[in-house]
Structure formats: structure tokens, C-alpha cells
Amino acid sequence: MVSKVSQKSFFIKTFGCQMNVYDSDKMKDIFIANGLKEETEFKSADYVVLNTCHIREKATEKTFSDLGKINKKGKQDQKIIVAGCVAQAEGELIQKRAPYVDLVIGPQSIHALDRFLKKSEFENTSITEFDVIEKFDTLNQFKKNHSQKSAFVTIQEGCDKFCHFCVVPYTRGAEFSRTLDDIANEIRSLVDLGVVEFSLLGQNVNAYHGHNTLGQSQSLADLINHISLINGVERITYSTSHPINMTDDLINLHGSNSKLMPYLHLPVQSGSDHVLKLMNRKHTRDFYFDIIERVRKVKPDIALSSDFIIGFPGETDQDFEDTLDLIKRVKYMNSYSFKYSPRPGTPAADKELIDDRILDERLNRLQDLINQQQMEYNQQFVKKTVQVLINGAGKHDGQVKGKSEFNQSVAIEGTQEIIGKIIPVEITNVYRHSLVGKQATL
Ligand code: SAM
Ligand code: SF4
């Protein structure tokens, strides 16, 4: 039996990656199971959670600036909780810089929130254990609250790769994969709530190696095949993948499993072998080209996206030109690019930084190229028909919006009744970030 904290409310603000969105949903389940209701803004909530991101310096500073605001403007006796990767990495600093914070809780310890709500033990406590098995076992006990047609499901946590720029191995711990059954059970309960599209998440999702009921290690391809047989599962995507874990079975699955969407986010970070080596990425640009070629062989129309880090220490003008060249050769539908941000405790943290003006100039050139590719990619869709999962109301009256199988946002004229359906849409107009169309006849 769960105890009720009557009339109390909570507010959660989420920063960073999709895995944080998933963790926030799980914390929401815990609050609701304890009788709390969700608030839409922090000021009047009894509990405020900042689920934080530590991947770049700006993200960390944002946490402290938000904490200051909450402390000043929040209601009396409000409990403040800092969760996520800043909590994991900077627990002591938070307690020093923001002593009014009641609970600091690392990403692998979010399930402890339940214990704290029950005992109301909120006194400047910090929980940053790495008990991933206990995390998922405990989270499974809470009733899910999910009203959308798409859901994230974390299948794998942590990372053993130690890229020299990245804090993830330190904040999320070693690689851990959930069992096949555990994931399938979560997916079935989400299907019961009406979810049809599943994004399988992990910091290194294609390093997945969870066990089946016979104790045999299963690959991501095995898992996708397994869950695509669950009645009600219509669409599957996965993110974020590392090039060295793009195994043959996973590549081939893109050509054989119709529930696996024709979309692949495969970060390369740099197009220069020199920089890839400095970054400890463990692959070359040719290795990356080879994967792209093999994926396109089995799925010629697959939509590709990537992450890029600009100005990693040691990146020369030629290295940067190599990155632009890689982008021109691959032709992405979309990509994310970031200026390198030194992270404390990582091997590259004390390397000499490149002048910020050079970084800005490189970032602008790269983003111009990506923007141009994104527009060109979308232009090919004019007069073509895509399959759109309608997931909500559009920006304008009488409009609904959804996602194509290629992960594009699509708006059409339509009414609420078609929300949750996958319908054919003929594209009439394209923008860089979205498409507009009309329902097509079958
Ligand atoms: N596991 C994924 C991979 O291997 O590509 C990436 C996960 S990481 C959480 C998300 C993205 O943040 C990375 O792909 C990288 O581009 C960016 N990132 C990570 N550390 C960074 C840093 N120190 N500075 C700038 N961007 C960074
Ligand atoms: Fe970070 Fe990804 Fe490298 Fe792991 S593989 S250290 S998560 S960038």
C-alpha cells in the first residue's frame, strides 16, 4: 500500500536528453502513486524537481540559475529536489552553493524518491548510488501515467567507452542492460495505455546485451524483433547508437523489420581521423562511411542524423574541413552540433582550448551546411505520401500534427478524432523543421 500525502503537489522541470525525460516520467509516477498532483508551474508546488543535465557547462550553470529563482520565488516550505547528472557529479557543490536544496538524487537512484516521500526525510540528503537493477525493479512497481501515443523506454544505461570529452561514464556509470522480459512487460503495459510508438533509449543503445528468460545474452536486433511481435506495437526507433556497435544483425534489421522506422541517429562527432583518435572514439571516418553504405544498401531511403562537436582541442582547419566533407558525403536529414565544452574529470578537460571566435565561425559554417541539407532533404517530399502518426493538436485551429516514419514533424488539417492513428499524408509544403500536407486516400 502506498501512503497518501494529501493535497500536495509537484512540479518537474527536465533538462537534457531523452533519458532524462524518461526518468522524469518515472518520478511523476512515484509522486502520483503517493497521492500528489502535478502542477504546471513551480511557484505553487510543494515539491519542485530539477532533473538536470551535465553534458556541457552551460547546462550545469542553468541548474544553479534556476535553483536561485526557485529559492526566491517558490512558496513557503517548498521542498527542492535536484535529480539527474548534475546531482550525480556535483552533489557536494550543490549542497554548498544551494544549501536550501532538500534532496540531491543521482539518475540511478531516482527510485529512492518514494522512500523520501513516505518518510518525509528531506534534510539536505544526497543519494548518488549506482544501483541500476534496484532502480528498474522499484520503478516497475508504480502504476504508469502516460497519455501520449509515443513513449520512451530506457533499455540500457551507462557507458564503458570513455570518449575523452564526455561525462556520461562518470555520471551514469557502467553499461547496464535490462532483461528482455522486463522491457517487454513495460511495453505491454504502455500498449494497454494506448501507446503505439516506442523509442528505445540508452546512452549506448546498440551496446544492448540484456538476457532472455534462458539467461542468454540478446542483441538490440533480438530485442527489436521480440517487441515488434507484441500486439499493438506499430513503430520502433532506437537512440543513441555508437558506430562501433552497428552490428550486421542490426544493420540488416533495417531492411527486414517493417516496424523498425527508417530513421537512424548515428553520432560521428568529427569527420577527421586525427580528431576521432584524440577523442578516443575507437573508429575512423572510413569505418563510419562503410556503415552508412551498408545501412543504405538494405534501406535506401533511410533518414540519417548525427551529433558533431566543434573545436575539440587539437582540431585544425583541415580537421574541420574533413568534418564538412563527411557531412557533404553522407547527406543528413538533420543533425545536432555543439561547441566543445570542457567537462571536469574527463581526460580532455585540461587540454588547450581553441579560440572562441574560431569555434563560432566553424559552428556557423557547419550549421549552415546542415540547415541547407535539412531543407534539401525535406524538399524531396513535396507531392510524396508519408505515413504520419498523429499525436496531438497542431499550432493552428483545425490542425493536427504528428510524425512521419522518417521522424519529420508533419501538420495537416484534421480533427481530434484522428489523434493516435497512423494515416497517409500527401506533402504539399515543406519547411526546414516541418512539413505540411493533406490526408491522402489509400
Ligand atoms: N553516446 C552517444 C555517442 O556516442 O555519440 C552520445 C551521447 S551524449 C549524451 C550526446 C551528445 O552530447 C554527444 O553526441 C556529443 O555530441 C555531445 N557532447 C558530449 N560531451 C560534450 C562536450 N564535452 N562538449 C560538447 N558536446 C558534448
Ligand atoms: Fe559519451 Fe557516447 Fe562516448 Fe559513451 S560513447 S563516452 S556516452 S559520447
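These numbers were taken from a predicted model, which means no experiment stands behind them. (Residues numbered from 1 in each chain as written. Chains lettered and ligands numbered in written order. Predicted model: local features only at pLDDT ≥ 70, side-chain atom pairs only at ≥ 80, totals over all residues. Heavy atoms only, no water.)

Peer 1: Whenever I open this one, helix α2 (residues 57-73) confuses me. Can you help?
Peer 2: One turn of the α-helix equals 3.6 residues, which is why residues spaced by three or four share an orientation. Taking 1.5 Å per residue, 17 residues should reach 24 Å; α2 reaches 25 Å between its end C-alpha atoms and fits that length. Three or more residues of α2 are buried, namely Thr 60, Thr 63, Phe 64, Asp 66, Leu 67 and Ile 70. All buried residues of α2 project into a common sector of 165 degrees when viewed along the axis, lining one side. Pointing more than 90 degrees away from the buried face of α2 are the exposed residues Lys 58 and Lys 72. Taken together, the buried residues of α2 touch β1 (9-14), β3 (47-52), β4 (79-84) and α3 (85-97). (Helix = DSSP H or I, 4+ residues; strand = E, 2+ residues; numbered from the N terminus. Expected span 1.5 Å × (residues − 1). Buried < 20%, exposed > 50% of the residue type's maximum accessible area, 1.4 Å probe, protein only. Arc of directions from axis to C-beta. Contact = heavy atoms within 4.5 Å.)

Peer 1: Explain the packing of aromatic side chains here, please?
Peer 2: In this description, an aromatic ring pair is defined by two values, namely the gap between the centres and the angle between the planes. Per the stated rule, a full pass over the model turns up 9 aromatic pairs. Measuring from centroid to centroid gives 5.6 Å for Phe 162 and Tyr 170, while their planes differ by 75 degrees, and the two rings are edge-to-face. Here Phe 162 falls in the partly exposed class, since its relative accessible area comes to 34%. With a relative accessible area of 37%, Tyr 170 lands in the partly exposed category. (Phe/Tyr/Trp six-rings, centres within 6.5 Å; stacked < 30°, edge-to-face > 60°.)

Peer 1: When you look at the site of ligand 1 in this model, what are you seeing that I'm missing?
Peer 2: Taken together, 18 residues surround ligand 1, and among them Gln 203, Gln 269, Arg 281, Asp 307 and Ser 341 come closest. At 3.3 Å from a nitrogen atom of ligand 1 is found a side-chain nitrogen or oxygen belonging to Arg 56. Gln 269 places a side-chain nitrogen or oxygen 2.7 Å from an oxygen atom of ligand 1. In isolation ligand 1 offers 560 Å² of accessible surface; the protein chains occlude 91% of this area. Of all the secondary structure elements, the ones that give two or more residues to the shell around ligand 1 are β13 (303-310) and β14 (334-339). In terms of residue class, the shell around ligand 1 is built from 7 nonpolar, 6 polar and 5 charged. (Near = heavy atom within 4 Å. Polar contact = N/O pair within 3.5 Å; in protein donor to acceptor, adjacent residues only side chain to side chain. Areas by Shrake-Rupley, 256 points an atom, 1.4 Å probe, with all protein chains shown as cover. Nonpolar A, V, L, I, M, F, W, Y, C, P; charged D, E, K, R; others polar.)

Peer 1: Would you mind showing me how to read the pattern of salt bridges here?
Peer 2: Pairs can form between side chains of opposite charge whenever their charged atoms are close. Per the stated rule, a full pass over the model turns up 26 salt bridges. Here Glu 157 and Lys 135 are joined by a salt bridge, their closest N and O atoms 2.8 Å apart. A residue pair is termed long-range when its members are at least 10 positions apart, and Glu 157 in strand β8 (residues 156-157) and Lys 135 in helix α5 (residues 132-139) qualify at 22 residues. Comparing Glu 157 with Lys 135 shows no difference in burial state: the two are buried. (Salt bridge = Lys/Arg side-chain N within 4 Å of Asp/Glu carboxyl O.)

Peer 1: So what exactly am I meant to see when it comes to unusual backbone geometry here?
Peer 2: Across the chain, the bulk of peptide bonds are trans and the bulk of non-glycine residues have phi less than zero. Here Ser 239 and Thr 240 are connected by a cis peptide whose omega angle stands at 0 degrees. Inspection of the secondary structure assignment puts Thr 240 in the loop between β11 (235-239) and α9 (248-256). One non-glycine residue, Phe 162, lies in the positive phi region at around 55 degrees. Summarising the element assignment, Phe 162 is placed in the loop between β8 and α6 (168-171). The phi torsion at Lys 383 lies on the positive side, around 70 degrees, for a residue other than glycine.

Peer 1: Any chance you could explain the state of the cysteines here in plain terms?
Peer 2: Joining two cysteines, a disulfide is a covalent bond between their sulfur atoms. Taken as a whole and assessed by the stated rule, the structure comprises 0 disulfides. Unpaired in terms of disulfides, Cys 17 finds its nearest cysteine sulfur in Cys 53, a separation of 6.4 Å. A relative accessible area of 36% places Cys 17 in the partly exposed class. (Disulfide = S-S within 2.5 Å.)

Peer 1: Honestly, the environment of Asn 140 in this entry has me stumped. Any pointers?
Peer 2: Here Asn 140 shows up in the loop between α5 and β7 (150-154). Separated by 88 residues in the primary sequence, Asn 140 and Ser 228 place their C-alpha atoms 21 Å from one another. Contacts of Asn 140, omitting those with residues within four sequence positions, involve Arg 178, Asp 182 and Glu 186. Within the structure, the side chain of Asn 140 is placed 2.7 Å from the side chain of Asp 182, a separation counted as a polar contact.

Peer 1: Quick question: what am I supposed to make of the confidence of the model for the protein chain here?
Peer 2: Keep in mind that low pLDDT regions are not for reading the predicted coordinates in detail. With 96% of its residues at a pLDDT of at least 70, the protein chain reaches an overall mean of 93. Throughout residues 1-5 the model reports pLDDT below 50, and contacts reaching past four residues in sequence, or to other chains, amount to 13 contacts. (pLDDT = per-residue confidence, 0-100.)

Peer 1: I keep staring at α9 and nothing clicks. Help me out?
Peer 2: Turning to α9, its buried residues number three or more, namely Leu 250, Ile 251, Leu 253 and His 254. Each buried residue of α9 sits inside an arc of 150 degrees when the element is viewed along its axis, so together they form one side. On its buried side, α9 packs onto α8 (220-228), β11, β12 (263-265) and α11 (285-298).

Peer 1: Explanation requested: the layout of surface pockets in the structure shown.
Peer 2: In this approach, a probe sized like a water molecule rolls over the atoms, and the result shows the empty space that is left. Estimated volume of the second largest pocket: approximately 240 Å³. If you trace the second largest pocket, you find it lined by Gly 394, Lys 395, His 396, Gln 399, Lys 401, Ser 409, Val 410, Ala 411, Tyr 431, Ser 434, Leu 435 and Val 436. Of the residues belonging to the lining of the second largest pocket, the class tally is 5 nonpolar, 5 polar and 2 charged. (1 Å grid on protein atoms, 1.4 Å probe; cavity = no way out; pocket = protein on both sides within 12 Å on 5 of 7 lines; lining within 4 Å. Points joined across faces, edges and corners; volume = space filled by probe spheres on them.)

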